[in-house]
Structure formats: C-alpha cells, structure tokens
2 protein chains.
Amino acid sequence: MTVKRAAVLQVLRDSQGHLQPDEIYRRAKELYPGMVLATVYNNLHALCEAGLIRRIRTADGADYYDKTPTPHEHAVCTECGMMLDLELGDLHTAFSKKTDLPILSYDLIVHTVCPDCKAKQKQA
Amino acid sequence: MTVKRAAVLQVLRDSQGHLQPDEIYRRAKELYPGMVLATVYNNLHALCEAGLIRRIRTADGADYYDKTPTPHEHAVCTECGMMLDLELGDLHTAFSKKTDLPILSYDLIVHTVCPDCKAKQKQA
DNA sequence: AATCATTTTAGAACAATTCTATTTTGGAGG
DNA sequence: CCTCCAAAATAGAATTGTTCTAAAATGATT
C-alpha cells in the first residue's frame, strides 16, 4: 500500500461512495499534484483485486468504483449520473427459480431519477 | 425501408436472435458485398428507433442486437459469448417493492454457461 | 427530367481504457 | 548507510468499438 494507492482509496472513501475514474483522478490530483491517470487506473485495479473496492460497469460504457465491496445493486440517475445503492434482496435465488441456466453472476443497473434531480424537476 | 436496411434486418431475423454489429456486418456483406460497417450501424440505429429490433448493451462493452423487441432479459455465456433469452417475470414490480426510487428502466445481464459449452466442459 | 431529402459511403475522429517501456521509489539485506 | 531489487509510477502510444463529417449516390415525388 503506497501513498498514491492510499490516496486513491481515500478519495473514494471520502466520497458518497461511487465515482468514475476521471473524477477520482481529478480529486486525487488535488492531494498529489503529480498524480497521473494511469496511476489511478493501476491502483483502482489493484484495490479491486485486494477486495477493498468494487468496479461497477454500466451498459453505456461508464465505469464507476464503489467504496463498498459487499454485494448490492445500483441505480444511476438519468439526469445527473449519480449512482445510488440499492438493496433488492436475494436476486440470485429469485432468478434461479425462473430459469434452468446456471447463474454465475449478473450485472444490474436501474435507471432512476435521484431525489435531488426530482426536486429540481418539480421546481421547474 | 431500403434494400440495405432490409438486409440488416434479415440477417438478424435469420440468426438465433442476438448478434453483435461486427457479425451482422460480416453476414450482411455476404448478401451485399458493397455493404459498409457505417451502414450497418446506421441501419441498426434506424431499426431500433422503428421498434423492429432492440439494442442490448453489456457492461463489458459488447453491443448485441436482438431480433425480438418485446421486453425480456438476457444471459450471456461466459465461454462462447452467446446470448440467450430469459423470462424472469415482472422485475419492475419486484424491484419497486424494495426501493422508493422511481424505476425508469433497468439493464440486466446474467452471466451463465450455455448448454453447449456445459456439454463440452463435461467432456473434458 | 429535375429536385430534394434520405441513405450510403469513406475515412477521420473520438474517448475511455489498456499497454509498453522507461524511470522512480522504497524497503530488505549487507 | 549503501546497494539491490521488485513493485509502482510515469509518459505517451495503442487499442477498439462506435460515432461523426462531409461528399456521393439513391430514389421517390413533382
């Protein structure tokens, strides 16, 4: 665990929980001006392998990193891109009841409007 | 509906149901040697807008196009990449019971091993 | 036959991520 | 306190699927 790696982790832990690489880079660079995008990627990968964080890929190509590595689902706000945590219960079991195929894992992203954006919509 | 567009649609309809753009391109070029990748993309977009096919984006960046536009879920074989249809029931309702956030839509891909690959695994 | 929007085409552009090769770093052993 | 070495960081190029741009072709409608 190097200083730069710790910085990447800290940035994520100091956030609401889900950030995209470029935003992590932007914030980490404030702590370490010498920080470079490749280092952010290297360390995000390393931290994922270590199980300290989790990578969440969405269907529109955006990658988010989650400071909470325990399994749960996610919603993305269609207005601002903010990612929120969801607890949808034991989907593995629910899905298994509906198909004979083995369920190794699944990717699930719910599209929503976050409370903040919902409030702004009502104003307008 | 032009000849090229019809060809793209036909390729998809003549398939098992889910193809990636490069494979659609490969097959469409057999029908129309002059076919170009940009035309395939143009027409896939147009056919999606027309509601005749559906685009399915996966978290690892692969795009599939589905000849069946009615809503259902999908599984992808981790061995061969083949996409299979799933019917998992009314997930919109199921998810709504678990969260207060509005559920506009969701992207779901299950990772599985298809029957063919499962058979091959047992052989080995 | 003329017009004009749509489609097709070729090729450049794009953007996020990964890769490659070089340099730097920091700890372990002497 | 050095020296060495593996790991990490860096710069910048490469990759890849998709989208964009501008020009050429097409085809339906006057």
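Residues numbered from 1 in each chain as written. Chains lettered and ligands numbered in written order. Predicted model: local features only at pLDDT ≥ 70, side-chain atom pairs only at ≥ 80, totals over all residues. Heavy atoms only, no water.

Enquirer: Summarise the interface of chain A and chain B; cite the residues concerned and give the values.
Expert: Of the residues lining the interface, 30 residues belong to chain A; the matching set on chain B comes to 30 residues. Taken together, both faces of the contact between chain A and chain B bury some 2,600 Å²; the carbon and sulfur share is 66%. There are zero salt bridges connecting chain A and chain B. Here chain A and chain B share 12 residue pairs in polar contact (both at pLDDT 80 or more) between them. Among the secondary structure elements, those contributing two or more residues to the side of chain A that touches chain B are β5 (83-86), α4 (91-96), β6 (105-112) and α5 (115-123) of chain A. Among the elements that take part in the side of chain A that touches chain B, β6(A) stands out by supplying eight residues, more than any other. Sheet analysis places β6(A) next to strand β6 (residues 105-112) of chain B, joined by seven bridges and oriented antiparallel. Residue A:S105 lies in a different strand from β6(B), and its bridge partner there is B:H111. (Contact = heavy atoms within 4.5 Å. Buried area = accessible area lost by both parts, 1.4 Å probe. Salt bridge = Lys/Arg side-chain N within 4 Å of Asp/Glu carboxyl O. Polar contact = N/O pair within 3.5 Å; in protein donor to acceptor, adjacent residues only side chain to side chain. Helix = DSSP H or I, 4+ residues; strand = E, 2+ residues; numbered from the N terminus. Pairing = 2+ DSSP bridges.)

Enquirer: Describe the sheet that holds strand β3 (residues 63-66) of chain A, and please don't skip the residues or the numbers.
Expert: All names here are of chain A. Taken in spatial order, the three strands of this open sheet run β1-β3-β2, and their pairing is antiparallel. Edge positions in the open sheet fall to β1 (18-19) and β2 (54-57), since each of these has one partner strand only. As paired strands, β1 and β3 are joined by two bridges and run antiparallel to one another. Note on β3: the bridge partner recorded for L19 is Y65.

Enquirer: Please provide a residue-by-residue account of the protein's contact with DNA strand D, values included.
Expert: Neighbouring residues of DNA strand D: 15 residues in total, closest A:T2, A:K4, A:V36, A:T39 and B:Y41. The sugar-phosphate portion of DNA strand D accounts for 90% of its atoms within 4 Å of the protein, the bases making up the rest. Between a phosphate oxygen of DNA strand D and a main-chain N or O atom of A:G34, the distance comes to 3.0 Å. Here a phosphate oxygen of DNA strand D and a side-chain polar atom of B:D63 are 3.5 Å apart. In terms of residue class, the surface near DNA strand D is built from five nonpolar, six polar and four charged. (Near = heavy atom within 4 Å. Nonpolar A, V, L, I, M, F, W, Y, C, P; charged D, E, K, R; others polar.)

Enquirer: A description of the pattern of salt bridges should follow, citing residues and the corresponding values.
Expert: Residues and elements named next belong to chain A. Summed over all chains, the structure comprises 10 salt bridges over all chains. As a salt-bridge pair, R26 and E23 come within 2.9 Å of each other at their nearest N and O atoms. A residue pair is termed a helical-turn pair when its members lie 3 or 4 positions apart in one helix, as R26 and E23 do in helix α2 (residues 21-31) at three residues. Between E23 and R27 there is a salt bridge whose closest N-O contact spans 2.7 Å. A residue pair is termed a helical-turn pair when its members lie 3 or 4 positions apart in one helix, as E23 and R27 do in helix α2 at four residues.

Enquirer: Pulling in residues and values, what's your account of the relation of the copies chain A and chain B?
Expert: Relative to chain B, chain A is turned by 179° and slid 0.0 Å along the rotation axis, the superposed coordinates differing by an RMSD of 0.1 Å. Taken together, the rotation angle and the small translation identify this as a two-fold axis. (Least-squares fit on C-alpha atoms with pLDDT ≥ 70 in both.)

Enquirer: Please give an account of the protein's contact with DNA strand C that cites residues and values.
Expert: Taken together, 15 residues sit near DNA strand C, with A:Y41, B:T2, B:K4, B:V36 and B:T39 positioned nearest. Sugar and phosphate atoms represent 87% of those atoms of DNA strand C found within 4 Å of the protein. Interatomic distance of 2.6 Å between a side-chain N/O atom of B:K4 and a phosphate oxygen of DNA strand C. Take B:G34: an N or O atom from its main chain is 3.1 Å from a phosphate oxygen of DNA strand C. Sorting the residues of the surface near DNA strand C by element identifies α3 (37-49) of chain A together with α1 (3-13) and α3 (37-49) of chain B as the ones contributing at least two each. At four residues, α3(B) tops the list of elements feeding residues into the surface near DNA strand C. Here the residues of the surface near DNA strand C are counted per class, giving five nonpolar, six polar and four charged.

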